[in-house]
Amino acid sequence: MPEGHSIHRVARVHRRWLVGRRFAADSPQGRPEVAQGLSGRVLLGVDAHGKHLFHRFEGDVRLHIHLGLFGRIRHFRGDAPVPSTACRLRLVSEGATLHLSGPSACELLSLAEEAALRARLGEDPLRAEASPDRAYARLTRGRVPLAQALLDQGRIAGVGNIVRAEALFVAGLPPLMPACELEREAFDRLWRAMRALLQDGVRDGLIVTPGAPPLPSPGRKRAERFCVYSRAGLPCPRCGGKVTGQSLAARTLYFCAACQGVDRMHGPRRKRAVALAP
């Protein structure tokens, strides 16, 4: 699933390239209600909140897109190919065509519905108005493991498996500590790390963690960009110990036990925190 920086990057591209264009719309997948609501309208604005995209068309028509695990947006400047039968939405304007396939959400929302959806989302570190105070209050509710809480989009929006692993490493925090025990100073380090990683991702199109291994690892190109993510069994670039990978709430969690203080956590307490995860 694309993390928040990818969605903000798409929103930036759409603001620069698509806003101001009038689109014809159809749905090769055979779901015409969204296409009918958009066809013939000018795109006025595009916004991102976490992993959600919001397009505002004239007439106050609002399109909400969430790509989910399988969603994909393809863009074409010239002649576009015939869309596949899986294409949920096609937007066509002179010199610009968009194909959307496989999203978990592609729907028209009223202003009130969009506001309600945004209210359910946590603070997005990439948004200028994001409040670290509100983010801290939501993140530290309950004894769920910190690493699990970070993937709850109702606590902090836009964080995925890569950002949580790398930000926790950069901040030097044990991923399995109960979220409610996270002190404010430690949260501030974590917030700055998440924000920096996501901002780099928006700018560059990918995340490269400061301190990632400087030497190439043959056959593991993706692992060269990160300190711990997808590096289970490989040496930590900071201390040389092996990076750990373990399952947590059906996702793989990566961390360096030595650098992130996991070795210093009390064993029974750590196990209790994991057992309490919903």
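Here the structure is a predicted model, which is why all the values come from computation and not from measurement.

1. Considerations on a nonpolar patch on the surface
Moving on, step 1. On the surface, Met1, Leu69 and Phe70 cluster together to form a nonpolar patch covering roughly 390 Å² of accessible area.
Moving on, step 2. The residue Met1 is located in the segment before α1 (4-17) in this model.
Moving on, step 3. Owing to a relative accessible area of 46%, Met1 belongs among the partly exposed residues under this scheme.

2. Describing the side chain of Arg88
Moving on, step 1. Examined against the element boundaries, Arg88 turns out to sit in strand β6 (residues 87-93).
Moving on, step 2. For the buried Arg88, no salt bridge is present, and the opposite-charge side chain at shortest range is Glu33, 7.5 Å distant.
Moving on, step 3. Once residues lying within four places of it in the same chain are set aside, the contact partners of Arg88 are Asp26, Ser27, Gln29, Arg31, Leu100, Ser101, Pro103 and Cys106.

3. Thoughts on the UniProt feature "domain: Formamidopyrimidine-DNA glycosylase catalytic" (unreviewed entry) in the chain
Moving on, step 1. The UniProt feature table records "domain: Formamidopyrimidine-DNA glycosylase catalytic" (unreviewed entry) at residues 2-95.
Moving on, step 2. Regarding residues 2-95, the helix share stands at 22% and the strand share at 40%, and the terminal C-alpha atoms are separated by 26 Å.

4. Observations regarding the nonpolar core
Generally speaking, nonpolar side chains in soluble globular proteins are found buried as a group.
Moving on, step 1. In this structure, Leu139, Leu150, Ile156, Leu182, Leu190 and Met194 are the most contacted members of the largest nonpolar core, which totals 48 residues.
Moving on, step 2. The set of elements that each furnish at least two residues to this core consists of α4 (132-139), α5 (146-150), α6 (161-171), α7 (184-204) and β10 (251-255).
Moving on, step 3. In terms of residue count, the dominant contributor to this core is α7 (nine residues).
Moving on, step 4. Grouped together as the second largest cluster of nonpolar side chains are 26 residues, Ala48, Leu53, Leu67 and Ala96 included.

What counts, and where the lines are drawn
Residues numbered from 1 in each chain as written. Predicted model: local features only at pLDDT ≥ 70, side-chain atom pairs only at ≥ 80, totals over all residues. Heavy atoms only, no water. Patch = residues over 30% accessible without salt bridge, like charges linked within 9 Å, V, L, I, M, F, W, Y side chains within 5 Å. Areas by Shrake-Rupley, 256 points an atom, 1.4 Å probe, with all protein chains shown as cover. Salt bridge = Lys/Arg side-chain N within 4 Å of Asp/Glu carboxyl O. Helix = DSSP H or I, 4+ residues; strand = E, 2+ residues; numbered from the N terminus. Buried < 20%, exposed > 50% of the residue type's maximum accessible area, 1.4 Å probe, protein only. Lys, Arg positive; Asp, Glu negative; His and termini not counted. Contact = heavy atoms within 4.5 Å. UniProt positions renumbered as here; feature names shortened; annotations may be inferred. Core = buried A, V, L, I, M, F, W, Y, C linked by side-chain atoms within 4.5 Å.

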